[in-house]
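# Remarks on the overall topology
Okay, here's what each chain looks like letter by letter:
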Amino acid sequence: MNHKLRGLGELVAYIPYLLGFVPRASVVVIGSGPDGIGPVSRVDIPPDPKDDEEVARQVVTQLRRASLERFDLIGYAGGRPAHPLLDRISVRLSETTGAEPGHHLLVDDGGWRATRCVCGGCRLGVRSAVPSPDRVPAVAEQVLREVHPYLDRAELVASLQTSRPLVVQAVRSMSRGRPDTLGEVDVAAAWAAVLDVGDDAPAVHDLPAAVLLTAMDALRDPVRRDDILGWLVPGTLSLPAQVPRLVTALDDRLGLPRWRTSLGPQDHEHDTQVIRVTRRLQQLVACTPREWADGTATLLGYWCWVHGQGALATTALEIAVQVRPGRARMAALLLQVISHGLRPEDMRPTPRETAS
């Protein structure tokens, strides 16, 4: 984000673009540190107040490794009152991290009000309208990057459900009698089509069934899947290539697109392409036969975790675990990583570990 948020109203307007969906019946914790807005945690407000302590511990687990200086809390209407959970989280997080509790805000029906103020400028309990997105520069910046939040978390989850039954049927039918071996060049060509972020690129569900099947089949093999993961986001976990010919074929076919580079947060083209890749990987999951979806969903979850799209990452990884309970080991591992607030940079080996 290049634009600063000018006040609490703009922060409330920005949250859906940060999470990827409009939160409801939940609490959002926004950490801040030396570099500005830091990690964000969102939790559902449990129906039973007796569960508030467990939810507060969950937030602490997610944020305790971050270098928090302060944190603000926002409660969203949709269930029971949010303020008891805000208070509980505030106490537990401050006790554990030493960070200073900030503002407490409540949001409902397009308005917000402060119930705790640390700046001295809030009128406690007075309701204000949430600013229109077109009046918030930080939100406009996200819109230009093609970020469009879902209306709620249910809509986000629905985006990964089977939505193209005829495509699924065609892919499943084509898999019958198909040779077991896939050539690396064919796999690279299929993934080049899936990852085409050009303005004129056909939607993933409009690609030939043979192309989709090849891309999906490659992810059903853990060795190929891990090589594709390592190629998609180079340097994240330093996954060594197990099939060098596949990595070479991907390089030959796609080269180094902007979305594979790390050019910093001010690179508009890079950020826009990352969003486009995310949408295309979502489309791939949605047209994958459900019994194969552990591969495509694990890849999407990994990609979203690397790029800070935690809600979508968690949803995709949960699908992978549901499809292959007890066997989707990477998806289960990544869910544990996310639940403990570990970020990609926390997982990278040190130079000494790499040397050894």
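Residues numbered from 1 in each chain as written. Predicted model: local features only at pLDDT ≥ 70, side-chain atom pairs only at ≥ 80, totals over all residues. Heavy atoms only, no water.

A word on the overall build of the protein. Scanning the protein from terminus to terminus reveals 16 helices and six strands. Taken against the 2.2 N^0.38 rule, which gives 21 Å for 356 residues, the C-alpha radius of gyration of the protein at 22 Å falls within 12% of a compact globule. Dimensions along the principal axes, computed over C-alpha positions, put the protein at roughly 65 × 50 × 40 Å. Out of the 356 residues belonging to the protein, those deemed buried represent 47%. (Helix = DSSP H or I, 4+ residues; strand = E, 2+ residues; numbered from the N terminus. Rg over C-alpha atoms; globule rule 2.2 N^0.38 Å. Buried < 20%, exposed > 50% of the residue type's maximum accessible area, 1.4 Å probe, protein only.)

Counted residue by residue, strand 4 (residues 100-108) has seven buried out of nine residues, so it is predominantly covered. Bridging between strand 3 (residues 70-76) and strand 4 involves six bridges; their strand directions are parallel. Note on strand 4: the bridge partner recorded for glycine 75 is leucine 106. Regarding the hand of the β-α-β motif, the stretch spanning strand 3, helix 3 (residues 83-97) and strand 4 is right-handed. Following strand 4, the chain reverses through two residues before pairing antiparallel with strand 5 (residues 111-116); aspartate 109 in that reversal takes a positive phi of roughly 50 degrees. (Pairing = 2+ DSSP bridges. Right-handed = clockwise from strand over helix to strand, strands pointing away.)

Here we come to the nonpolar core. Judged by nonpolar contacts, the single largest core of 79 residues is most densely connected at Trp191, Ile228 and Trp259. With sequence-adjacent residues up to four places away left out, tryptophan 259 is seen in contact with Leu195, Val197, Trp231, Leu232, Leu254, His270, Gln273, Val274, Val277 and Trp303. Formed by 20 residues, the second largest nonpolar core is a distinct cluster that contains Val55, Val60, Leu63 and Leu93. (Core = buried A, V, L, I, M, F, W, Y, C linked by side-chain atoms within 4.5 Å. Contact = heavy atoms within 4.5 Å.)

Before going further, it helps to spend a moment on helix 13 (residues 310-323). Every α-helix winds through 3.6 residues per turn, so residues three or four apart in the chain are directed the same way. Between its terminal C-alpha atoms helix 13 stretches 20 Å, which fits the 20 Å expected from 14 residues at 1.5 Å a residue. Those residues of helix 13 that fall on the buried side of the exposure criterion are Ala311, Leu312, Ala313, Thr314, Thr315, Ala316, Leu317, Ile319 and Ala320. Structurally, helix 13 contributes buried residues whose contacts are with helix 1 (8-19), helix 5 (153-158), helix 11 (268-286), helix 12 (293-306) and helix 14 (329-339). (Expected span 1.5 Å × (residues − 1).)

A few words on the side chain of histidine 104. Of note, histidine 104 is situated in strand 4. Each residue touching histidine 104, except ones within four places of it in the same chain, is listed here: Leu73, Leu86, Asp87, Ser90, Arg113, Ala114, Thr115 and Arg116.

Take the packing of aromatic side chains next. Applying the stated criterion across every chain yields a total of three aromatic pairs. Relative to tryptophan 305, the ring of tyrosine 302 lies with its centre 6.1 Å away and its plane at 50 degrees, an arrangement referred to as tilted. Taken together, the residues span about one helical turn, with tyrosine 302 and tryptophan 305 both in helix 12 at a distance of three residues. With respect to burial, tyrosine 302 and tryptophan 305 carry one shared label: buried. (Phe/Tyr/Trp six-rings, centres within 6.5 Å; stacked < 30°, edge-to-face > 60°.)

Here helix 12 crosses helix 13 at 155 degrees, and the two axes come no closer than 8 Å. The angle between helix 12 and helix 13 falls in the class roughly antiparallel. The element helix 12 and its partner helix 13 pack so that their crossing is left-handed. Of the residues in helix 13, those in contact with Ala293, Asp294, Ala297, Thr298, Leu300, Gly301, Tyr302, Cys304 and Trp305 of helix 12 are Leu312, Ala313, Ala316, Leu317, Ile319, Ala320 and Val323. (Axes fitted to C-alpha atoms, helices over the stretch in contact; angles between N-to-C directions. Parallel < 35°, antiparallel > 145°, perpendicular 65-115°, else oblique. Left-handed = near helix turned anticlockwise from the far one by under 90°.)

The next thing to look at is the pairing of strand 5. When a strand is regular, its side chains alternate between the sheet's two faces. Of the pairings in the sheet, the one linking strand 4 to strand 5 comprises five bridges and is antiparallel in character. Bridge pairing in strand 5 places leucine 106 opposite arginine 113. The pairing of strand 5 with strand 6 (residues 128-129) spans two bridges and is classified as antiparallel. Across the sheet, tryptophan 112 pairs through a bridge with serine 128, a residue of strand 6.

This part is about the side chain of arginine 280. Mapped onto the secondary structure, arginine 280 falls in helix 11. The charged side chain of arginine 280 is buried without a salt bridge, its nearest counter-charge being aspartate 196 at 5.8 Å. (Lys, Arg positive; Asp, Glu negative; His and termini not counted. Salt bridge = Lys/Arg side-chain N within 4 Å of Asp/Glu carboxyl O.)

Its place among the elements puts valine 223 in helix 9 (residues 222-232). A sequence separation of 164 residues divides valine 223 from valine 59, and the C-alpha atoms of the two residues are 34 Å apart. What valine 223 contacts, discounting residues up to four positions off in sequence, is Gln242 and Val243.

For the protein, mean pLDDT is 91; residues scoring 70 or higher make up 93% of the total. Across residues 350-356, confidence stays below pLDDT 50; counting only partners more than four residues off in sequence or on other chains, it has two contacts. (pLDDT = per-residue confidence, 0-100.)

Our focus in this paragraph is the environment of proline 202. As for its position among the elements, proline 202 is in the loop between helix 7 (184-194) and helix 8 (209-220). Ignoring any residue separated from it by four or fewer positions in sequence, one finds proline 202 in contact with Leu207 and Arg280.

Working definition: two side chains of opposite charge can pair if their charged atoms are close together. Scanning all chains against the criterion turns up 24 salt bridges. Here arginine 258 makes a salt bridge to glutamate 269, at a shortest N to O gap of 3.4 Å. On the criterion of sequence distance, the pair formed by arginine 258 in the loop between helix 10 (244-254) and helix 11 and glutamate 269 in helix 11 is long-range, its members being eleven residues apart. A residue is classified by how much of its surface remains accessible, and arginine 258, at 31% relative accessible area, is partly exposed. By relative accessible area, which is 39% here, glutamate 269 ends up partly exposed.

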